[in-house]
Amino acid sequence: MRAFLALLARDLALALRSGGGAGLSLAFFMVTVLLMPIGIGPDGAVLAAVAPGLIWVAALLASLLSLDRLFQADAEDGTLDILALSPLPLEAVAAGKALAHWLTTGAPLVVAAPVLAITLALPGSAYGPLIAALALGTPALSVIGTVGAALTVGVRRGGLLLSLLVLPLYIPTLIFGARAVSLAADGLAPGPALLLLGAVSLFAAALGPFAAAAALRVNLR
Amino acid sequence: MGLEGAGIAVDRGGRRVVAEVGFTLSPGEILVLRGPNGAGKSSLLRAVAGLTPLAAGRITLDGAAEVEARIERLVYAGHLDAIKPQLTVAENLAFWARLGGGDAGAALDRFGLSPIADRRAGICSAGQRRRLGLARLMLADRPLWLLDEPTVSLDAEATGLLASLLDTHAARGGMAMVATHVPLGPGPERVLTLAPPGPGSAADPFLEAWG
């Protein structure tokens, strides 16, 4: 546990220092969503109709931004070799990386989302479900992304390949996440969609670290 | 007892880079790997460290052939220093100390890094970074040291320090495998000279074709 916390603290410190890119995902998320009213026009009804999908697609893309360096930086400077030889199992390394990624990219999105909901004229009844949906769904984005990052760690400029691998796997989260928000916006109960969203995240969190560790072992050879 | 390897072969990218290598290393001995570039020194060290699987042969440490048992008793310093440029010298070492145990402060002192402990590793010189990478050896008290070109970018003083550390390690019954082109001092050392496997020793014809 001590070793796990050491890795988590180091990854958070690296993300928050210069060049870490923790603020970058949040800025990308906000700019993307804020561009939409400019492109679509100021009609509140139209914006409110597309807002749930827009916010979720932007969240997907924002979480992709910092994924490609998740393991690659460690692989390039030899840290991954030493981590593989450390008492911390690679499964725990992957889980720590995913958690650090969520804390630096997923959690800020949850906080920023209500502000963006205002600019997209989302009905007030949908604010709570939007926050709940992002809080429940973004962990899946980080964990699935960790698996993709582990698979592409040996690929030079693997960012594009990573997007192609990971985005299809984001679809369940996108469907349930956007559905929960649009149900709430229409005055219906978002509960079932939120539950399914949480189920996707739990499923990903249970399997992801093992898949990522297996991919890392293959890449270390 | 000690480290023994017999009939070792290692493949890398579908090509055989180490073939039919054997060695024995008893406690208190230092084995120096020599050979031209591409002779497979790094690959052999990575195989002993358990980072690369063996294509053939076996390696035993005190009679145990399991990789897991070996990994717990060795420390590996590759030709990369595993240093984060955004963190300070002390933070880099403190991370490894928290991960694997050991006293980071003492290791910093031993390698003369205390004066630059608060400096970002990114602005350290190549020699200072290498010393930081080697300071990791001092953290955990492991019997087997695997060093890949440890003297690269070290000055004469630091090379001497490394040689004396290796002597101390050997005197306490430790073992070390060191790939180097530089003589490491007067200590008791044995030399294993590797030669690159000849052409046509491809391990996997499919990979060879697509190589």
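Treat the numbers as computed from the prediction; the structure is a model and nothing was measured.

Rules behind the numbers
- Residues numbered from 1 in each chain as written.
- Chains lettered and ligands numbered in written order.
- Predicted model: local features only at pLDDT ≥ 70, side-chain atom pairs only at ≥ 80, totals over all residues.
- Helix = DSSP H or I, 4+ residues; strand = E, 2+ residues; numbered from the N terminus.
- Rg over C-alpha atoms; globule rule 2.2 N^0.38 Å.
- Contact = placed C-beta atoms within 7 Å.
- Buried ≥ 20, exposed ≤ 12 C-beta atoms within 10 Å, placed from the backbone.
- Pairing = 2+ DSSP bridges.
- Axes fitted to C-alpha atoms, helices over the stretch in contact; angles between N-to-C directions.
- Core = buried A, V, L, I, M, F, W, Y, C linked by C-beta atoms within 7 Å.
- Parallel < 35°, antiparallel > 145°, perpendicular 65-115°, else oblique.
- Nonpolar A, V, L, I, M, F, W, Y, C, P; charged D, E, K, R; others polar.
- Expected span 1.5 Å × (residues − 1).
- Bend = angle between axes of the 7 residues up to and from the residue.
- Left-handed = near helix turned anticlockwise from the far one by under 90°.

(A) Geometry of the overall build of chain B. Helix and strand content of chain B: seven helices and eight strands. The C-alpha atoms of chain B give 18 Å as radius of gyration, which agrees with the globular expectation for 211 residues (17 Å, within 12%). Based on the C-alpha atoms only, the size of chain B along its principal axes is roughly 55 × 40 × 30 Å. Of the contacts made within chain B by residues no fewer than 6 positions apart, 73% connect residues no fewer than 24 positions apart.

(B) Main features of the overall build of chain A. For chain A, the count of helices and strands is ten helices and zero strands. Helices and strands appear in chain A in the N-to-C order α-α-α-α-α-α-α-α-α-α. The C-alpha radius of gyration of chain A comes to 18 Å, within 12% of the 17 Å expected for a compact globule of 221 residues. C-alpha extents for chain A along the principal axes are approximately 55 × 35 × 30 Å. Every one of the 221 residues in chain A was classed for burial, and the buried ones make up 49%.

(C) Layout of the sheet that holds strand β4 (residues 56–61) of chain B. All names here are of chain B. Taken together, the three strands give an open sheet; going across it, the order is β2-β1-β4, and neighbouring strands pair in antiparallel fashion. Bordering the open sheet on either side are β2 (15–25) and β4, each of which pairs with just one other strand. Geometrically, the sheet is characterised by an average inter-axis angle of 25° between neighbouring strands, direction not taken into account. Sheet contacts for helix α1 (residues 41–49): β1 (3–12), β2 and β4; angle to β1, the most-contacted strand, approximately 115°.

(D) Structural context of the nonpolar core. The biggest cluster of nonpolar side chains holds 133 residues, and the ones touching the most others in it are A:A150, B:L44, B:L93, B:A135 and B:L146. Leave out the neighbours within four places in its chain, and B:A135 touches B:L93, B:A107, B:L108, B:R110, B:F111 and B:L113.

(E) Looking closely at the packing of helix α1 (residues 2–16) of chain A against helix α3 (residues 89–100) of chain B. The N-to-C vectors of α1(A) and α3(B) enclose an angle of 155°; their axes lie 7 Å apart at closest approach. The orientation of α1(A) with respect to α3(B), classified from their angle, is roughly antiparallel. Mapping the contact onto sequence places A:R2, A:A3, A:A6, A:L7 and A:R10 in α1(A) and B:F95, B:R98 and B:L99 in α3(B). Partitioned by chemical class, the residues of the contact of α1(A) with α3(B) number five nonpolar, no polar and three charged.

(F) Structural detail: helix α10 (residues 191–220) of chain A. All names here are of chain A. With 30 residues, α10 ought to run about 44 Å at 1.5 Å a step, and its terminal C-alpha atoms sit 43 Å apart, in line with that. L207 marks the point of greatest bend in α10, at about 35°, and the proline P209 comes within the next four residues. All of the buried residues in α10 are A193, L194, L197, V200, S201, A204, G208, P209, A212, A213, A215 and L216.

(G) Up close: the interface of chain A and chain B. Contacts between the two partners involve 23 residues from chain A, matched on the other side by 18 residues from chain B. Of all the secondary structure elements, the ones that give two or more residues to the side of chain A that touches chain B are α1 and α5 (79–85) of chain A. Top element by residues in the side of chain A that touches chain B is α1(A). It accounts for seven residues. Per-class residue counts for the side of chain A that touches chain B are eleven nonpolar, six polar and six charged.

(H) Quick look at the sheet that holds strand β3 (residues 30–34) of chain B. Residues and elements named next belong to chain B. With respect to topology, five strands assemble into an open sheet ordered β5-β6-β7-β3-β8, the strand pairing being parallel. Because the sheet does not close on itself, it has two edges, and the strands there are β5 (74–77) and β8 (189–193). Adjacent strand axes in the sheet meet at a mean angle of 15°, parallel and antiparallel pairs treated alike. Relative to β8, β3 runs parallel, the two being bridged by five bridges. Considered in β8, the bridge of L31 is made with R190. This element, helix α5 (residues 126–139), spans β5 and β6 (144–148) of the sheet and lies at about 180° to β5.

(I) Representation of the packing of helix α7 (residues 127–151) of chain A against α10(A). Residues and elements named next belong to chain A. Look at α7 against α10: their axes get within 8 Å of each other, and the N-to-C directions meet at 20°. The orientation of α7 with respect to α10, classified from their angle, is roughly parallel. Considering only the axes of α7 and α10, their crossing is left-handed.

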